[in-house]
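Chain and residue survey
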Amino acid sequence: VGYLFDFGLGFTGSTLVACCGGGGPYNYNETLVCGNPGSVACAEPSTYISWVDRHYTEAAYRIMAKDVLEGSFTVPRFNASFLVRRTSDVDGHTTY
C-alpha cells in the first residue's frame, strides 16, 4: 500500500518509479545498473520513495526511522528530535 500512496508525506515523484535506473515504466532495468552509462537519475531524490529497485531514498528512510523511534512501534515512546538537525531553505520550508 505504501508504494501506491504516499499518505501525504511529501513524495511528489511517482511512488512506483525508481529515482535512478535504466528506463522503462518503472525506471528499472536489471541489466542497466544505476550509475552506469545510460542510467537515468531523477533531479529531486527527496520526492521519491524508491532510489533504485528495492532500495529506498534517504527521505523514505528518514520517515521510517522517525516512525520507529517516535511512533507507535516504540514502547515507551520517546522524543528523538535531538537526533535530527533541522534546517530551513530559502522559501522557509523545514527539512530534516
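Residues numbered from 1 in each chain as written. Predicted model: local features only at pLDDT ≥ 70, side-chain atom pairs only at ≥ 80, totals over all residues. Heavy atoms only, no water.

Quick word on the environment of Ser39
Relative to the helices and strands, Ser39 resides in the loop between strand 1 (20-21) and strand 2 (40-41). A sequence separation of 18 residues divides Ser39 from Gly21, and the C-alpha atoms of the two residues are 5.3 Å apart. One polar contact links the side chain of Ser39 to the main-chain amide nitrogen of Gly35, over a distance of 3.0 Å. A polar contact of 2.8 Å, which involves the side chain of Ser39, links it to the backbone oxygen of Asn36. (Helix = DSSP H or I, 4+ residues; strand = E, 2+ residues; numbered from the N terminus. Polar contact = N/O pair within 3.5 Å; in protein donor to acceptor, adjacent residues only side chain to side chain.)

Quick notes on the state of the cysteines
Taken as a whole and judged by the stated rule, the model has two disulfides. The disulfide bridge from Cys19 ends at Cys42, spanning 1.8 Å between sulfur atoms. Taking the torsion about the sulfur-sulfur bond, which here is approximately -75°, the covalent link between Cys19 and Cys42 counts as left-handed. Linking Cys19 in the segment before strand 1 with Cys42 in the loop between strand 2 and strand 3 (50-52), this pair joins segments that are 23 residues apart in sequence. Cys42 carries the same exposure label as Cys19, and that label is buried. (Disulfide = S-S within 2.5 Å. Buried < 20%, exposed > 50% of the residue type's maximum accessible area, 1.4 Å probe, protein only.)

Regarding the side chain of Thr57
By secondary structure assignment, the location of Thr57 is in the loop between strand 4 (55-56) and helix 1 (58-70). Of note is the side chain of Thr57, whose polar atom sits 2.6 Å from the backbone oxygen of Tyr48. Sequence-distant contacts of Thr57, that is, excluding residues within four places in its chain, are made with Phe11, Pro45, Tyr48, Ile49, Ser50 and Trp51. (Contact = heavy atoms within 4.5 Å.)

Remarks on unusual backbone geometry
One non-glycine residue, Asn27, lies in the positive phi region at around 55°. Looking at the element boundaries, Asn27 is found in the loop between strand 1 and strand 2.

What about the side chain of Ser50?
Relative to the helices and strands, Ser50 resides in strand 3. For Ser50, a relative accessible area of 6% puts it in the buried group. Those residues within four positions of Ser50 in sequence are excluded, and the remaining contacts are Val17, Ala18, Cys19, His55, Tyr56 and Thr57.

Remarks on the packing of aromatic side chains
Per the stated rule, a full pass over the model turns up one aromatic pair. Their ring planes at 85° and their centres at 5.6 Å tell us that Tyr56 and Tyr61 sit as a pair that is edge-to-face. Classification of Tyr56 by relative accessible area gives partly exposed; the value is 25%. In this structure Tyr61 comes out as partly exposed when scored by relative accessible area, which is 42%. (Phe/Tyr/Trp six-rings, centres within 6.5 Å; stacked < 30°, edge-to-face > 60°.)

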